[in-house]
Amino acid sequence: MGRFWRNRYFQYTLTFVLTFSLFSFPRWEAEKADVPSPLLFAGDTLTCSIMLDKTLRSSGYNIGYLYELFDKFKQHQRCEINLNIVEQNAMQQWVQLITGKIDMLVLNSEKDTVPNIFADEVVSSSILDSRENVCVVKKENYNIVQTLNYWFPYFKQTQDYSHTQRYHKSYRIQDRNGAPISRTTISPYDIYVKKYAHIVGWDWRLICSLIYQESKFKMGVSSSRGAIGLMQIKEAVAKTYGIDDIYSPEQNIKAGISHLARLQKLYSRAGADSTNLIKLTLAAYNCGEGRLEDCMALAKEKGLDPLVWDNLAAVIPLMKEEEHYKSDVVKLGRFNGGETLKFVELILERYGQYCQTVKQ
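Residues numbered from 1 in each chain as written. Predicted model: local features only at pLDDT ≥ 70, side-chain atom pairs only at ≥ 80, totals over all residues. Heavy atoms only, no water.

**Side note on the overall build of the chain**
Part 1 of the argument: The helix and strand tally for the chain stands at 16 helices and seven strands.
Part 2 of the argument: Out of the 360 residues belonging to the chain, those deemed buried represent 50%.
Part 3 of the argument: Sequence separation of at least 24 residues holds for 64% of the intrachain contacts in the chain that already meet a minimum separation of 6.
Part 4 of the argument: Approximately 17300 Å² of the chain is accessible, and the part contributed by carbon and sulfur atoms is 48%. (Helix = DSSP H or I, 4+ residues; strand = E, 2+ residues; numbered from the N terminus. Buried < 20%, exposed > 50% of the residue type's maximum accessible area, 1.4 Å probe, protein only. Contact = heavy atoms within 4.5 Å. Areas by Shrake-Rupley, 256 points an atom, 1.4 Å probe, with all protein chains shown as cover.)

**Observations concerning unusual backbone geometry**
Part 1 of the argument: Residues other than glycine seldom take positive phi values, yet Arg 78 does so here, at roughly 60°.
Part 2 of the argument: Position of Arg 78 among the secondary structure elements: in the loop between α4 (62–77) and β2 (80–86).
Part 3 of the argument: The class for Arg 78 is exposed, based on a relative accessible area of 61%.
Part 4 of the argument: Not every positive phi belongs to a glycine, and Glu 132 is a case in point at roughly 65°.
Part 5 of the argument: By the element assignment, Glu 132 lies in the loop between β4 (122–124) and β5 (133–138).

**As for the pairing of strand β3 (residues 104–108)**
Part 1 of the argument: Counting buried positions along β3 gives five out of five residues, so the element sits mostly inside the fold.
Part 2 of the argument: Where burial is concerned, the two faces of β3 agree: the one with Met 104, Val 106 and Asn 108 and the one with Leu 105 and Leu 107 are both buried.
Part 3 of the argument: Pairing geometry for strand β1 (residues 45–51) and β3, over three bridges, is parallel. In the sheet register, Cys 48 faces β3, and the bridge partner there is Met 104.
Part 4 of the argument: Both β3 and β5 contribute to a ladder of four bridges, which runs antiparallel. Across the sheet, the residue bridging to Val 106 is Cys 135, located in β5. (Pairing = 2+ DSSP bridges.)

**Brief notes about the sheet that holds β4**
Part 1 of the argument: What the five strands build is an open sheet, ordered β2-β1-β3-β5-β4; its pairing is mixed. Each edge of the open sheet carries a strand with a single partner, namely β2 and β4. Averaged over all pairs of adjacent strands, the angle between strand axes in this sheet comes to 25°, irrespective of strand direction.
Part 2 of the argument: Each of β1, β2, β3 and β5 is contacted by α4, which is oriented at about 165° to β2, the strand it contacts most.
Part 3 of the argument: Along the sheet, helix α6 (residues 142–155) contacts β1, β3, β4 and β5; its crossing angle with β5, the most-contacted strand, is approximately 150°. (Axes fitted to C-alpha atoms, helices over the stretch in contact; angles between N-to-C directions.)

**Overview of the confidence of the model for the chain**
Part 1 of the argument: Of the residues in the chain, 88% have a pLDDT of 70 or more, and the chain-wide mean is 88.
Part 2 of the argument: By mean pLDDT, the top-scoring element of the chain is helix α11 (residues 249–270) (98), and the lowest-scoring one is helix α2 (residues 8–24) (43). (pLDDT = per-residue confidence, 0-100.)

**Remarks on the pattern of salt bridges**
Part 1 of the argument: Counting across every chain of the model gives nine salt bridges.
Part 2 of the argument: Here Lys 138 ties to Glu 140 by a salt bridge, and the two come within 3.6 Å at their closest N and O atoms.
Part 3 of the argument: Asp 203 is paired through a salt bridge with Arg 205; the nearest N and O atoms lie 2.8 Å apart.
Part 4 of the argument: Relative accessible area serves as the criterion here: at 8%, Arg 205 is assigned to the buried category.
Part 5 of the argument: Each of the salt bridges in this network shares a partner with another, and the network as a whole consists of Asp 71, Lys 74 and Glu 80. (Salt bridge = Lys/Arg side-chain N within 4 Å of Asp/Glu carboxyl O.)

**Let's talk about the layout of surface pockets**
Where empty space is left can be seen by rolling a probe of water-molecule size over the atoms.
Part 1 of the argument: Of the voids in this model, the largest pocket is the one considered here, and its volume is about 620 Å³.
Part 2 of the argument: Every residue lining the largest pocket is counted, 24 residues in all, and those nearest its centre are Arg 225, Tyr 285, Asn 286, Cys 287 and Gly 288.
Part 3 of the argument: Taken together, the elements giving at least two residues each to the lining of the largest pocket come down to α9 (204–215), β7 (233–234), α11, α12 (274–287), α13 (289–301) and α16 (338–357).
Part 4 of the argument: Sort the elements by how many residues they give to the lining of the largest pocket and α12 lands first, with four residues.
Part 5 of the argument: Within the lining of the largest pocket, the residues separate by chemical class into nine nonpolar, eight polar and seven charged.
Part 6 of the argument: Within this model, the second largest pocket holds a volume of roughly 470 Å³. (1 Å grid on protein atoms, 1.4 Å probe; cavity = no way out; pocket = protein on both sides within 12 Å on 5 of 7 lines; lining within 4 Å. Points joined across faces, edges and corners; volume = space filled by probe spheres on them. Nonpolar A, V, L, I, M, F, W, Y, C, P; charged D, E, K, R; others polar.)

Shown next as structure tokens:
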């Protein structure tokens, strides 16, 4: 077992909670629950921080799973649970828990250690997933994990829980020999992509190709420029579309697609045809509409149609040369657009692969 579980104070408090649960709820069983937990938090708002370790950030889909798990729990309890993904150092999170600024802290029981000064002040839930994540609360709030422990075995018997197992599947589109694999899914987030694809009017598989390019479907990734999550959307941009929680996989996707739709409308109104519209939109999503506007202005100055992608693809490499980026029509200065060109190319190439292997 991990360091978190070897702490004797933690083992004592965990035993206390589990024993109390057994006596308080006689119908609770370790592997089966016939009824869900009582509604102890109806109308309340709880705050939960998910501590982002290297595992959650770089591999798997567990953030998506945890979001869905707590969403189902709050629906059952008829309460609100504000989830936050945190990257601060661990001690800050423990202090926030102990001082009551947050009600729950989700962390990895195998890799994280309870600080000795707080060891006799906290209790934990049972294991929530295959990566050994648990929910920790202050001892005085033991009823939170008590209720979660009681509800979880019941939830595991439902169809909703079966649906969460998509977060634990493999989504390879090629076998070990590089041969394509015919399939019906691309990622565990397909349901959200399909739900919001109508906003931009694109094939959902094209949007999935964009998401893969941005994050490889890893919800925990972030950029130095403040872009977050699956679609690498900035918080300020998401708020313009009425979305506050971009750490939610569903809301992150909705925000990203809404931004695509706005960009597409911009170039559609400018007169771009269907052949070029998607490429212009993808390029602007990557480098920003201001940068793309500079490239279009330079193309126009050279007598080229700025709404034809091939013309822009020829002009973009010139934007890193002083004689071109110091032109009066260029507002934002030097631009090394090789990343943008590759971005558009790879998304469309992968989309072609998806069209061959993934059913519409």
